[in-house]
Amino acid sequence: MNVKLLICDDEKIIREGLASLDWNTRGIEVVGTAKNGEVAFELFQKMLPDIVISDIKMPTKDGIWLSEQIHKISPNTKIIFLTGYNDFEYAQSAINNGVCQYLLKPIDEFELYEIVDKLTKEIHLEQQKAEKEIELRKTLRNSRYFLLNYLIVHSTVFLILNYLRYLKKLRQ
């Protein structure tokens with residue numbers, strides 16, 4: 001299953017550059033690009049990406065706003081901030097909004113690949129865990145049904161046997 005990636009940056013050259021990286025060989029599908037947080041959030045709601053790479057400072061709605069909105073509806077989404085600002089307040093806001101990484105531009109593509117690969121592994125583990133939980137819930141539901149039927153049948157048999165014993169004692 002491919003991991004879905006959304007890219008958000010107000011600089012077109014950076015957006016297009018990030019989108020043109022070799023994501024497919026890593027099992028990642030770029031599902032959209034956006035020039036600001038508002039457009040990115042609209043795309044997010046339609047495409048539900050697993051990872052979002054976003055700039056922080058952008059016109060209209062910024063990356064902080066975007067991360068807040070995303071985590072309200074999808075707290076497991078992995079967000080990477082890629083920014084030209086080495087500002088403590090931005091980093092603190094990023095941490096408070098569940099951002100996974102805070103990277104300074106320019107970034108080496110191999111460093112970005114390494115981070116995204118790590119997040120992709122986390123996503124796959126989370127998906128496997130969710131699938132196992134669903135399977136366990138099904139097993140538990142089936143076990144309850146089996147146990148209930150078992151108890152009903154055995155209780156009925158027990159009552160019948162006791163009734164037969166009672167009748168046998170009455171005949172003696």
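Let me sum up the structure you'll find in this document. The shown structure was predicted, so the numbers you read here are calculated from the model rather than taken from an experiment.

A tally of helices and strands in the protein yields five helices and five strands. On C-alpha atoms alone, the protein measures out to a radius of gyration of 27 Å, which is more than a quarter above the 16 Å that the 2.2 N^0.38 rule sets for 172 residues. In terms of overall dimensions, the protein has a C-alpha envelope of 100 × 35 × 25 Å along the principal axes. The contacts in the protein between residues at least 6 apart in sequence include a share of 66% that link residues at least 24 apart. A total of about 11,400 Å² of accessible surface is found on the protein, and carbon and sulfur atoms cover 56% of it. Averaging the positions of the 23 positive and the 24 negative side-chain charges in the protein gives two centres separated by 20 Å.

Moving on to the nonpolar core. Ranked by internal contacts, the top residues of the largest apolar core, which has 18 residues, are Trp 23, Ile 51, Ile 53, Ile 80, Leu 112 and Val 116. What Leu 112 contacts, discounting residues up to four positions off in sequence, is Leu 18, Leu 21, Trp 23, Ile 53, Leu 103 and Ile 107. Residues Ala 34, Ala 40, Phe 44 and Ile 64 belong to the second largest nonpolar core, which totals 16 residues.

This part takes up the packing of aromatic side chains. Overall, the coordinates contain four aromatic pairs when judged by the stated rule. An angle of 5° between the planes, with centres 6.4 Å apart, marks the rings of Phe 41 and Phe 44 as stacked. Of this pair, Phe 41 and Phe 44 both sit in helix α2 (residues 37-47), three residues apart, roughly one helical turn. Of the two residues, Phe 41 and Phe 44, both sit in the buried class. Their ring planes at 70° and their centres at 6.0 Å tell us that Phe 110 and Tyr 113 sit as a pair that is edge-to-face. Linking Phe 110 with Tyr 113, this pair stays in helix α5 (residues 109-171), spanning three residues, or about one helical turn. Under the relative-accessibility criterion, Phe 110 is labelled exposed at 57%. One aromatic cluster is present, formed by Trp 23, Phe 110 and Tyr 113 through successive ring pairs. Lying over the aromatic face of Tyr 113, Arg 26 brings its terminal NZ or CZ to 4.0 Å of the ring centre.

A few words on the sheet that holds strand β4 (residues 78-83). Across the sheet, five strands lie side by side as β2-β1-β3-β4-β5; this open sheet has parallel pairing. One side of each edge strand has no neighbouring strand; the edge strands of this open sheet are β2 (28-34) and β5 (101-104). Direction aside, neighbouring strands of the sheet carry axes that sit 20° apart on average. Across six bridges, strand β1 (residues 3-8) lies against β2 in parallel orientation. The residue bridging Lys 4 from the neighbouring strand is Glu 29, located in β2. Strand contacts of helix α1 (residues 12-19): β1, β2, β3 (51-54) and β4, with the helix running at about 165° to β2, the strand carrying the most contacts.

Turning next to a nonpolar patch on the surface. A grouping of Val 153, Val 157, Ile 160, Leu 161, Tyr 163, Leu 164, Tyr 166 and Leu 170 is seen on the molecular surface, where their side chains present a nonpolar patch of about 780 Å² in accessible area. Tracing the backbone through its elements, the reader meets Tyr 163 in helix α5.

Moving on, we come to the pairing of β1. In terms of burial, β1 is largely enclosed, as five of its six residues are buried. Crossover connection from β1 via α1 to parallel β2: handedness right-handed. Looking at chain direction, β1 and β3 are connected through four bridges and run parallel. Paired with Ile 7 across the bridge in β3 is Ile 53.

Criteria and thresholds
Residues numbered from 1 in each chain as written. Predicted model: local features only at pLDDT ≥ 70, side-chain atom pairs only at ≥ 80, totals over all residues. Heavy atoms only, no water. Helix = DSSP H or I, 4+ residues; strand = E, 2+ residues; numbered from the N terminus. Rg over C-alpha atoms; globule rule 2.2 N^0.38 Å. Contact = heavy atoms within 4.5 Å. Areas by Shrake-Rupley, 256 points an atom, 1.4 Å probe, with all protein chains shown as cover. Lys, Arg positive; Asp, Glu negative; His and termini not counted. Charge placed at Lys NZ, Arg CZ, Asp CG, Glu CD. Core = buried A, V, L, I, M, F, W, Y, C linked by side-chain atoms within 4.5 Å. Buried < 20%, exposed > 50% of the residue type's maximum accessible area, 1.4 Å probe, protein only. Phe/Tyr/Trp six-rings, centres within 6.5 Å; stacked < 30°, edge-to-face > 60°. Lys NZ or Arg CZ within 6 Å of the ring centre and 35° of its normal. Pairing = 2+ DSSP bridges. Axes fitted to C-alpha atoms, helices over the stretch in contact; angles between N-to-C directions. Patch = residues over 30% accessible without salt bridge, like charges linked within 9 Å, V, L, I, M, F, W, Y side chains within 5 Å. Salt bridge = Lys/Arg side-chain N within 4 Å of Asp/Glu carboxyl O. Right-handed = clockwise from strand over helix to strand, strands pointing away.

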